[in-house]
Amino acid sequence: MRDLTGKTALITGAASGIGLGIAKALARAGANIMLADLRPDALPAAKTEIEAIGGRVATVAVDVSDADSVQAAGDAALAAFGALHVAVNNAGVAMHGSPLEDVTVQEWDWVIGVNIKGVINGIRTFVPMIRAHGQGGHVVNTGSVSSLFVRDGRNQGAYAMTKYAVLALSEALEQELQGTGIGVSVLCPGGVKTAIFDSAAHRPDRFGGSYQRPGQEAMKSFVAPTALDPETVGQRVLHAIQNGEFYVLTHTNEREAITARFDRIIAAFDHADTIMPGIAAS
């Protein structure tokens, strides 16, 4: 799908940050935009920003961890624009600064509910809508550079686990959609200027409501030096959609750490060949 003129894109987590950056890039490329976000009070300002660049836009409140809410968002896109062509499963929450054994059951439910089930709900709802018109389309799932390795020393295991899952879901979806004309991309950004580290302030009541996570505050200082503007990330995603890219990376400073992880995996294959000759290869 190279030409987005007149096509419709639904973006979750779209009232700010990466979601809004993607929405702006797609609007500039001619797409109709359905902004979906957990915070209905933040949507009017985002809508105004899209309208200011000439985009056709509608809004809908969504809790991506709730399958019925995601279905309602998809139905709203169809009602507003008639069809859905691009789905961006972008909404996510942070869970940094806590060792795995200290993450509460309620926090696990929340981070899995948004970061994993949110993507699952998006796939189940939006892919059939894109299939229905037979014109092809594209799905973008927002992972993280933490989809590719777990950074040492920041206690981000719970978050990284969910983003590894987003990568697996995306790889599987790409395989399943081969030959359909529906492309898949997984966005794996490094630091971006967003409010993700404030996401605990917007935790829904059914997951325990708003609270503070002091350990997460320290992450802001780590990310700030190399943080990208969300609109830069939006342009990167637009390029990926137009050119059929699967892995969408934004930072090159993580190359060494990611290479080291994969070198360790390859070394494990070599070790298996050494101690289990003939068996490991069977």
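Up top you'll find the structure we're talking about.
Given the structure is predicted, the values throughout are model-derived calculations rather than measurements.

Quick one: what's the story with the nonpolar core, residue by residue and with numbers?
Soluble globular proteins tend to bury their nonpolar side chains together. Leu10, Met95, Trp110, Phe126 and Leu173 are the most contacted members of the largest nonpolar core, which has 44 residues in total. Mapped onto this core, the elements with two or more residues apiece are strand E2 (32-37), strand E3 (57-61), helix H3 (67-81), helix H4 (105-115), helix H5 (117-133), helix H6 (157-176) and strand E6 (182-188). Per-element tally for this core: the top contributor is H5, with six residues. In this structure Leu10 touches Met34, Ala36, Ala73, Gly74, Ala77, Leu84, Val86, Ala87, Val88 and Phe126, once residues within four positions along its chain are discounted. Core analysis: the second largest hydrophobic core is formed by 31 residues, Val57, Val140, Leu187 and Val237 among them.

Account for the sheet that holds strand E7 (residues 247-249), with residues named and values stated.
An order of E3-E2-E1-E4-E5-E6-E7 is seen for the seven strands of this open sheet, with the pairing classed as parallel. Across the chains shown, the open sheet's two edge strands, defined by having one partner strand only, are E3 and E7. Strand-to-strand twist of the sheet, defined as the mean angle between neighbouring strand axes without regard to direction, takes the value 15°. Two elements, strand E4 (residues 86-89) and strand E5 (residues 137-142), share four bridges in a ladder whose sense is parallel. Bridge pairing in E5 links Val86 to His138.

Let's hear about the pairing of E2: which residues, and what values?
Most of E2 sits out of view: six of its six residues are buried. Taking every second residue as pointing to the same face, both faces of E2 are buried, with Asn32, Met34 and Ala36 on one and Ile33, Leu35 and Asp37 on the other. Where strand E1 (residues 8-12) and E2 come together, five bridges link them in parallel fashion. Its bridge partner being in E2, Leu10 is matched across the sheet by Met34. Tracing the backbone out of E1, into helix H1 (residues 17-28) and back to the parallel element E2 gives a crossover that is right-handed. By the bridge criterion, five bridges tie E2 to E3 in an arrangement that is parallel. Across the sheet, Ile33 pairs through a bridge with Val57, a residue of E3.

Could you give an account of the environment of Ala72, naming the residues involved and the relevant values?
Among the structural elements, Ala72 can be located in helix H3. Sequence separation between Ala72 and Ala200 is 128 residues, and the spatial gap between their C-alpha atoms is 24 Å.

Quick rundown of the packing of aromatic side chains? Include the residues and the values.
This structure, assessed with the given rule, holds two aromatic pairs. Where Trp110 meets Tyr211, the ring centres are 6.2 Å apart and the plane angle is 70°; that geometry is what we call edge-to-face. In this pair, Trp110 sits in helix H4 while Tyr211 sits in the loop between E6 and helix H7 (214-223), placing the two residues 101 residues apart along the sequence. When its relative accessible area of 2% is taken as the criterion, Trp110 is described as buried. Summarising the aromatic geometry, the rings of Phe246 and Tyr247 are spaced 4.8 Å apart at their centres and angled 85° between planes, so their arrangement reads as edge-to-face. For Tyr247, a relative accessible area of 42% corresponds to the partly exposed category. Over the aromatic face of Trp110 sits the side chain of Arg203, whose NZ or CZ is 5.8 Å from the ring centroid. Across from the ring centre of Tyr211, 3.8 Å away, lies the NZ or CZ of Arg203, which sits over that ring.

What counts as what
Residues numbered from 1 in each chain as written. Predicted model: local features only at pLDDT ≥ 70, side-chain atom pairs only at ≥ 80, totals over all residues. Heavy atoms only, no water. Core = buried A, V, L, I, M, F, W, Y, C linked by side-chain atoms within 4.5 Å. Buried < 20%, exposed > 50% of the residue type's maximum accessible area, 1.4 Å probe, protein only. Helix = DSSP H or I, 4+ residues; strand = E, 2+ residues; numbered from the N terminus. Contact = heavy atoms within 4.5 Å. Pairing = 2+ DSSP bridges. Axes fitted to C-alpha atoms, helices over the stretch in contact; angles between N-to-C directions. Right-handed = clockwise from strand over helix to strand, strands pointing away. Phe/Tyr/Trp six-rings, centres within 6.5 Å; stacked < 30°, edge-to-face > 60°. Lys NZ or Arg CZ within 6 Å of the ring centre and 35° of its normal.

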